[in-house]
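Structure at a glance
The lines below spell out each chain.
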Amino acid sequence: MGFARACSVALVGVEGVVVEVQADLEPGVAAFTLVGLPDKSLVESRDRVRAAVVNSGAEWPQKKLTVGLSPASVPKSGSGFDLAVACAVLGAAERIDPAAIADVVMIGELGLDGRVRPVRGVLPAVLAAAEAGYRHVVVPEQTAGEAALVPGISVLGVRSLRQLIAVLGDEPVPDEPDPGRGRPDTMLAGLMVPGAGLGTGLAAQADGTAHRPDLADVAGQGRARKALEVAAAGGHHLLLSGPPGAGKTMLAERLTAILPPLSRQESLEVTAVHSVAGILPPGEPLVGTAPYCAPHHSATMQSLVGGGNGLPRPGAVSLAHRGVLFLDEAPEFSVRALDALRQPLESGHVVVARAAGVVRLPARFLMILAANPCPCGRHTLAGSGCECPPSAVRRYQARLSGPLLDRVDLRVEVEPVGRADLMGSGGRGESSAEVAARVREARERAAERLAGTPWTTNSEVPGHELRTRLVAAPGALMAAERDMERGVLTARGLDRVLRVAWTVADLRGADRPDATDVAVALELRTGIQRGVPMRAGAR
């Protein structure tokens, strides 16, 4: 009787579980049985592995073969187990040393000719292997750079099963031909899901020649620019409301340009999500800039928060993790889809429960909502001829529910652009680089203040800490307390005003917010004029 084992990883959302692939050979009628809760694509690996082994020059064992995937209670899907199954079978047949593969994690799909094809989710799979104590992984050559992002892991990138057999048996490694130049590499087809990256903004960032929108392109809109800067500095959610053509979409598209670069840990988190979703650009293993995701208003609730057949896949809120989620024409989204955002806005993650299992996906994003005042968009324009009846206006505005708006820190009315601003006589506004420098300084000031705590930005600080440890200047909260007594602010609203006030203070270099900072925060949240300066970067 021959027995061997190798290891692979089963992904559940963006979290991995190390799976032991066991192969057992017994005398009897030649058969290949695969057990351990595999799905359809994994059951088909029996034919792929057999053809790959034979076409790689190895002999297929003519015995009763049983391959078990342990733990058997964990659902397993995808073709990433092919490489581990093939090596376990060859180890049981004594073609390779079983001890050489016992503690090696193998991830990759096998072609019928023995080539090793890349699969999605290599980074979270290798992260799971490292957390489980494994130090050696074998991955397809195309994803070796992605696997090498995990520290303390020895990565072997192989192009074919023949090469892996030679490495494990201390034999001369055969040369495999490179894919033909001048045409697309078909081996990379499994890494990208067609259409999955649309609206994420990654394609434009991957191309170094692509034009990156600059904040200086926006004409006028001083108040909205100030709100955008505060949102970037503190990670606050923002609602832009105003007539069509005022520049709401232009402002939202330029938010990622003023956000600071992602830290190493944040980059790994974003890369893991994008790798599982199949939108990680080939040749760009690490995402270093904040992602931008702008789903269409016809998006379903499942596409926003995650879902799909079998185990749920990441939705738009997870694709925008550590970045920007822009919902243009927000009232046109379904009410169920919008209300589904309420929990991830508070917790920073989303838990999706399906019959196949429960998945926890990261979802700490900065949300930008853009809305018109009425169905025709001309309700707030003087002499515009809006014919929407008051009931239609109320119904349209009520599509953004109160509990959802209560979680939005900043609400700004975007005014129509005047002729002087549009034609350039009003002067060109600040560029993204100038605003980004102030945002970076404010973020550093907040990180220094919050050192030793689990929070890094002002938007994450709980209200209890704001009222006990991080106290504003004496008398600074009088206006906010009056608004709360009048019912203008809720308890959650008061906490969010304090967070925005701290961000405004960080932008002007103050140690703590004073009455003016709180007044700016109140004006940005309630829209009620407080007579305070709203110039961006005022010190």
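The coordinates are above.
Below is a summary of the structure that appears in this document. Keep in mind the model is a prediction, meaning the values are calculated, not measured.

Glancing now at the overall build of the chain. A tally of helices and strands in the chain yields 23 helices and 16 strands. Of all 539 residues assigned to the chain, the portion counted as buried reaches 50%. Considering only contacts in the chain between residues 6 or more positions apart, those separated by 24 or more positions represent 73%. In the form shown here, the chain has an accessible surface area of approximately 23,600 Å², with 52% of it arising from carbon and sulfur atoms.

Overall, parallel pairing links the five strands, which are arranged 11-12-15-10-16 in an open sheet. Only two strands of the sheet have a single neighbouring strand rather than two, namely strand 11 (292-293) and strand 16 (410-413). As judged from the four bridges shared by strand 12 (residues 324-327) and strand 15 (residues 366-371), these two strands associate in the parallel manner. Counted as the bridge partner of Val324 is Leu366 from strand 15. Strand contacts of helix 9 (residues 222-234): strand 10 (238-241), strand 15 and strand 16, with the helix running at about 165° to strand 16, the strand carrying the most contacts.

A separate point is the packing of helix 9 against helix 19 (residues 432-449). Two elements in contact, helix 9 and helix 19, have axes separated by 8 Å at closest approach and are oriented at 40°. Compared by their axis directions, helix 9 and helix 19 come out oblique. You can see that helix 9 and helix 19 cross each other, and the crossing is right-handed. Here Glu229, Ala232, Ala233 and Gly234 of helix 9 lie close against helix 19, whose contacting residues are Val435, Arg438, Val439, Ala442 and Arg443.

The next thing to look at is the pattern of salt bridges. Scanning all chains against the criterion turns up 27 salt bridges. Its salt-bridge partner being Arg5, residue Glu20 comes within 3.2 Å of it at the nearest N-O pair. Note that Glu20 is positioned in strand 2 (residues 15-26) and Arg5 in strand 1 (residues 2-12), a separation of 15 residues in sequence. What makes Glu20 partly exposed here is its relative accessible area of 23%.

A few words on helix 2 (residues 45-55). Considered for burial, the residues of helix 2 that qualify are Ser45, Arg48, Val49, Ala52 and Val53. Looking straight down helix 2, one finds that the buried residues subtend no more than 125° of arc, so they occupy a single side. Buried residues along helix 2 sit in contact with strand 3 (31-35), helix 1 (40-43), helix 3 (82-92), strand 6 (109-110) and helix 7 (161-168). Positive backbone phi, approximately 90°, marks Gly57, located one or two places after helix 2.

A few words now on the layout of surface pockets. Its volume calculated, the second largest pocket comes out at about 810 Å³. As for the second largest pocket, its lining consists of 34 residues, and the residues nearest its centre are Arg322, Arg364, Thr456, Thr457 and Glu460. Broken down by secondary-structure element, the contributors of at least two residues to the lining of the second largest pocket are helix 15 (342-347), helix 19 and helix 22 (491-507). Tallied by class, residues from the lining of the second largest pocket come to 15 nonpolar, nine polar and 10 charged.

Take the environment of Glu146 next. Along the chain, Glu146 turns up in helix 6 (residues 144-147). For Glu146, a relative accessible area of 7% translates into the label buried. It is 9.5 Å that separates the C-alpha atoms of Glu146 and Gly121, two residues lying 25 residues apart in sequence. Discounting chain neighbours no more than four positions away, the residues touching Glu146 are Val122, Leu123, Ser275, Leu280 and Pro285.

What counts as what
Residues numbered from 1 in each chain as written. Predicted model: local features only at pLDDT ≥ 70, side-chain atom pairs only at ≥ 80, totals over all residues. Heavy atoms only, no water. Helix = DSSP H or I, 4+ residues; strand = E, 2+ residues; numbered from the N terminus. Buried < 20%, exposed > 50% of the residue type's maximum accessible area, 1.4 Å probe, protein only. Contact = heavy atoms within 4.5 Å. Areas by Shrake-Rupley, 256 points an atom, 1.4 Å probe, with all protein chains shown as cover. Pairing = 2+ DSSP bridges. Axes fitted to C-alpha atoms, helices over the stretch in contact; angles between N-to-C directions. Parallel < 35°, antiparallel > 145°, perpendicular 65-115°, else oblique. Left-handed = near helix turned anticlockwise from the far one by under 90°. Salt bridge = Lys/Arg side-chain N within 4 Å of Asp/Glu carboxyl O. Arc of directions from axis to C-beta. 1 Å grid on protein atoms, 1.4 Å probe; cavity = no way out; pocket = protein on both sides within 12 Å on 5 of 7 lines; lining within 4 Å. Points joined across faces, edges and corners; volume = space filled by probe spheres on them. Nonpolar A, V, L, I, M, F, W, Y, C, P; charged D, E, K, R; others polar.

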